[in-house]
Amino acid sequence: MDPVPAAARTPPPGRLLTGGRVVTPEGVLNPGWIRLAGNLIAAVGSGEATEQPPGLCTSPAVTDLSGQWVLPGFVDLHVHGGGGTSFTQGPAGDARRAAEFHRRHGSTTVVASLVTAPLADLEARAVMLARLAGEGVIAGIHLEGPFLSAARCGAQDPRHLAAPDLAAFERLHAAAEGHLHVITIAPELPGAPGLIKAAVRAGVTVAVGHTDATADVTSAAVDAGATHATHLFNGMRPLHHREPGPAGALLNRDEVTCEVIADGVHLHDAMIRLAARAAGPGRLVLITDAMAAAGMPDGSYRLGSMLVDVAGGVARLAGQGEAGTAGAIAGSTATMAGVVRNAVAAGLPVTEVAAAASTIPARVLGLGDRTGALRQGLDADLVVCDQDFRLRAVMRHGEWLDASP
Ligand SMILES: [Zn+2]
């Protein structure tokens, strides 16, 4: 005889999302259903959800999502801020608000990206962000700088760029207390191969970016352990048929995941399609590279130490920047919901867009067994969009957030 009373054996009633076009790694279930248990996805299926789960004696609460797309919650690997505040400056409250802004716009997992700054400043930011990562506010830290090329620095402050330095890396890595997930490096700089190997040994994903490297130097960096591309095509030597540069080399290597900023500003739609075709469905990563101005009116903002003017939603370095850098595109004002909508409009299949916005970046972070797909056992992180891919609702860890379409 079973000593456990019947009431204790009955699982909680859970909730059911029905009628939507549910985007899973295996394809679109139309209609599909998702059963939630607490903060997890208990089951996903196609058709009408009439089946009563075993042991369930009460009906689950049902949410009808007919006519809507249901996508996995987005995972933004590269974002500096949004909603008027940033991860790159200001107190912890500002960083919390930036993360919250992006969560409400569909990014249920957010990595905080820092930009080039003096070493002591980066250390202090890493300490502060590591605390937020410990609380689950952000998923980790991305260091975009200071080991980057002056020739391709974009909106990175050229005064604080540095040659790869193992001791400096160790200090930053220690300050981040295990939460440094990604570091962007220009592989042509002296000492880069040693730093790439040290970072990989430390468990940090090495991204190639802000680089003037040749294809051969880039490929050698991949041999040394680099596995990721920071905003492919932007901030790097352009693709040329006799010198394919970093973009050609990175797309050519199966072990490299490639970020693209599909905000309608940084890349022509044809380049997004080209990258998607070349990388295939398992290697493309959609990012925002958003700065504080995301979701805000045009005006003047900061990206780290750099002044940025936003006009017509496009962020460019202000005229006060160092000679030669004024006017460079400086991050974006995008949200992941907007980037996903653009990628669909650019012609990418919706299953590939969901992989690039959620599944692949979750895998890059080592979180593929927790989030990034609508699959049994993963966190109930999901996004609901209307037929035109406008954001309608966001659920994180089983709770609906106050979405801002
Ligand atoms: Zn960036």
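Here, the structure is the one placed above.
Model, not experiment: these values are computed from the prediction.

> I keep staring at the sheet that holds strand 17 (residues 306-311) and nothing clicks. Help me out?
Strand pairing in a sheet relies on backbone hydrogen bonds. The paired strands run either parallel or antiparallel. On the basis of which strands lie adjacent, the open sheet formed by 3 strands has the order 16-17-18 and antiparallel pairing. Each edge of the sheet is formed by a strand with only one pairing partner; in this case those strands are strand 16 (299-303) and strand 18 (314-317). Strand-to-strand twist in this sheet, taken as the mean axis angle between neighbours without regard to direction, amounts to 35°.

> So what exactly am I meant to see when it comes to the packing of aromatic side chains here?
The description of an aromatic ring pair rests on the distance of the ring centres and on the angle between the ring planes. Summed over the entire model, instances satisfying the criterion amount to 1 aromatic pair. Ring geometry for Trp69 versus Phe389: centroids 5.0 Å apart, planes at 25°, classification stacked. Within this pair, whereas Trp69 is found in strand 5 (residues 69-72), its partner Phe389 is found in the loop between strand 19 (382-385) and strand 20 (391-396), the two being separated by 320 residues in sequence. You can call Trp69 buried: its relative accessible area is 11%. Sitting over the face of the ring of Trp69, Arg21 holds its NZ or CZ atom 4.9 Å from the ring centroid.

> Which parts of the structure should I look at to understand helix 8 (residues 269-279)?
In an α-helix there are 3.6 residues to a turn, and that puts residues three or four apart on one side. Ile272, Ala275, Ala276 and Ala279 are the residues of helix 8 that are buried. For helix 8, the buried positions fall inside an angular range of 100° around the axis, keeping them on one side. The inward-facing, buried residues of helix 8 abut helix 7 (245-251), strand 14 (257-261), strand 15 (284-287) and helix 10 (350-364). Taken from the residues just after helix 8, Gly280 is the one with a positive phi, measuring 75°.

> Please explain the packing of helix 3 (residues 119-135) against helix 4 (residues 166-175) as it appears in this structure.
In a packed pair of helices, the relevant descriptors are the angle between the two axes and the axis-to-axis distance. The contact between helix 3 and helix 4 brings their axes to 8 Å, and the two run at 25°. Our classification of the angle between helix 3 and helix 4 gives roughly parallel. Where helix 3 approaches helix 4, its residues Leu119, Leu122, Glu123, Ala126, Val127 and Ala130 are matched on the opposing element by Ala168, Arg171, Leu172 and Ala175. Each residue belonging to the contact of helix 3 with helix 4 can be placed in one class, and the counts come to 8 nonpolar, no polar and 2 charged.

Calculation rules
Residues numbered from 1 in each chain as written. Predicted model: local features only at pLDDT ≥ 70, side-chain atom pairs only at ≥ 80, totals over all residues. Heavy atoms only, no water. Pairing = 2+ DSSP bridges. Helix = DSSP H or I, 4+ residues; strand = E, 2+ residues; numbered from the N terminus. Axes fitted to C-alpha atoms, helices over the stretch in contact; angles between N-to-C directions. Phe/Tyr/Trp six-rings, centres within 6.5 Å; stacked < 30°, edge-to-face > 60°. Buried < 20%, exposed > 50% of the residue type's maximum accessible area, 1.4 Å probe, protein only. Lys NZ or Arg CZ within 6 Å of the ring centre and 35° of its normal. Arc of directions from axis to C-beta. Contact = heavy atoms within 4.5 Å. Parallel < 35°, antiparallel > 145°, perpendicular 65-115°, else oblique. Nonpolar A, V, L, I, M, F, W, Y, C, P; charged D, E, K, R; others polar.

Without other data, these values stay purely geometric and don't point to any function.
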